[in-house]
Amino acid sequence: MFRLETEVDRERRQLLSRRLREENTAGSPEIRALRGGPAARELPLEVWALDANGQVAAGLTGRTWAHWLHVDLLWVDPRHRGCGLGSRLLAEAERVARADRDCTRSRLETWDFQAPDFYRKRGYEVTGRVEDYPPGVTEFTLTKLLGGPAAG
């Protein structure tokens, strides 16, 4: 007999994460090999554009892990859109990921009304899509091959 609970529990979440990590490591030679190297650590990566007053005009947040850059958020203040600031942030994140963290690929998610064309123009390819997530919206997963450390 089991009792199900729906409470948020940090300790249980950490236990679950640890157990799943152990099983994944045991079950995959690729993951096992990754765990022994520097790419095993997930590290945050952030790029900020500040205006003349030191206020955030644009920002990109993400993380690197397993030789991948994962872009979580990219936002440009509407007053500064159209001048290439988003492209500069993305290029800098890719440069840091490639040159400083040995990343070879990048991935991100975006909705159909946001920026799939922006990313396609910067070399990203759609590798997945989820219709109606959230209802009425399509979510895209895009990836890009970053190349070697000398690229860019």
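Computed from a predicted model, the values in this text were never measured in an experiment.

**Student:** Any chance you could explain the sheet that holds strand β2 (residues 56-65) here in plain terms?
**Tutor:** Sheets are built from strands paired through backbone hydrogen bonds, the pairs being either parallel or antiparallel. Taken in spatial order, the 6 strands of this open sheet run β1-β2-β3-β4-β6-β5, and their pairing is mixed. Edge positions in the sheet fall to β1 (43-50) and β5 (125-130), since each of these pairs with one other strand and no more. Strand-to-strand twist across the sheet, computed as the mean angle between neighbouring axes with direction ignored, equals 20°. In this structure, β2 lies alongside strand β3 (residues 68-76), joined through 8 bridges in antiparallel fashion. Directly across from Leu-60, in β3, lies its bridge partner Leu-74.

**Student:** What exactly am I supposed to notice about helix α1 (residues 10-27) here?
**Tutor:** In a regular helix each residue adds 1.5 Å, so 18 residues correspond to 26 Å; α1 covers 25 Å between its end C-alpha atoms and thus fits that length. Two or three places before Glu-11, at the start of α1, stands the capping residue Asp-9, its side-chain oxygen 3.1 Å from that residue's backbone nitrogen.

**Student:** Would you mind going over the packing of aromatic side chains with me for this structure?
**Tutor:** The geometry of an aromatic ring pair comes down to the distance between the two centres and the angle between the two planes. Within this structure, the stated rule accounts for 3 aromatic pairs. Relative to Tyr-119, the ring of Phe-118 lies with its centre 5.0 Å away and its plane at 80°, an arrangement referred to as edge-to-face. What makes Tyr-119 buried here is its relative accessible area of 6%. Taking the centre distance of 5.8 Å and the plane angle of 70° together, the rings of Tyr-119 and Tyr-124 count as edge-to-face. Accessibility expressed as a relative area gives 3% for Tyr-124, which makes it buried. Feature note: the residues Phe-118, Tyr-119 and Tyr-124 constitute an aromatic cluster, connected by ring pairs. Here the guanidinium or amino end of Arg-120 rests over the ring plane of Phe-140, the centre of that ring lying 5.7 Å away.

**Student:** Looking at this structure, how should I read the pairing of β2?
**Tutor:** Regular strands show a simple pattern: their side chains alternate between the two faces of the sheet. For β2, the tally of buried residues reaches 7 of 10 residues, placing the bulk of the element in the interior. Relative to β2, β1 is paired through 8 bridges, and the arrangement is antiparallel. From the neighbouring strand, Glu-46 faces β2, where its bridge partner is Thr-61. Hairpin connection of β1 to β2: 5 residues between the antiparallel strands, including Gly-54 at a positive phi of 80°.

**Student:** What is the right way to look at the nonpolar core in this model?
**Tutor:** The nonpolar side chains of a soluble globular protein tend to be buried with one another. Counting 23 residues, the largest nonpolar core has Leu-45, Leu-60 and Tyr-119 as its most contacted members. Elements represented by at least two residues in this core include exactly β1, β2, β3, α3 (85-101) and β6 (139-145). If one sorts the elements of this core by residue count, α3 sits on top with 6 residues. Leave out the neighbours within four places in its chain, and Leu-45 touches Leu-60, Thr-61, Gly-62, Arg-63, Thr-64, Leu-69, Ala-93, Val-96, Ala-97 and Arg-101.

**Student:** Looking at this model, I keep getting lost on the layout of surface pockets. Mind explaining?
**Tutor:** One way to see where empty space is left: roll a probe the size of a water molecule over the atoms. Approximately 610 Å³ is the volume attributed to the largest pocket. When residues of the lining of the largest pocket are traced back to their parent elements, those giving at least two are β3, α3, β4 (105-111) and α4 (116-120). The dominant element in the lining of the largest pocket, judged by the number of residues it contributes, is β3, at 6 residues. For the lining of the largest pocket, the class distribution of residues is 13 nonpolar, 7 polar and 4 charged.

About the criteria used
Residues numbered from 1 in each chain as written. Predicted model: local features only at pLDDT ≥ 70, side-chain atom pairs only at ≥ 80, totals over all residues. Heavy atoms only, no water. Pairing = 2+ DSSP bridges. Helix = DSSP H or I, 4+ residues; strand = E, 2+ residues; numbered from the N terminus. Axes fitted to C-alpha atoms, helices over the stretch in contact; angles between N-to-C directions. Expected span 1.5 Å × (residues − 1). Polar contact = N/O pair within 3.5 Å; in protein donor to acceptor, adjacent residues only side chain to side chain. Phe/Tyr/Trp six-rings, centres within 6.5 Å; stacked < 30°, edge-to-face > 60°. Buried < 20%, exposed > 50% of the residue type's maximum accessible area, 1.4 Å probe, protein only. Lys NZ or Arg CZ within 6 Å of the ring centre and 35° of its normal. Core = buried A, V, L, I, M, F, W, Y, C linked by side-chain atoms within 4.5 Å. Contact = heavy atoms within 4.5 Å. 1 Å grid on protein atoms, 1.4 Å probe; cavity = no way out; pocket = protein on both sides within 12 Å on 5 of 7 lines; lining within 4 Å. Points joined across faces, edges and corners; volume = space filled by probe spheres on them. Nonpolar A, V, L, I, M, F, W, Y, C, P; charged D, E, K, R; others polar.

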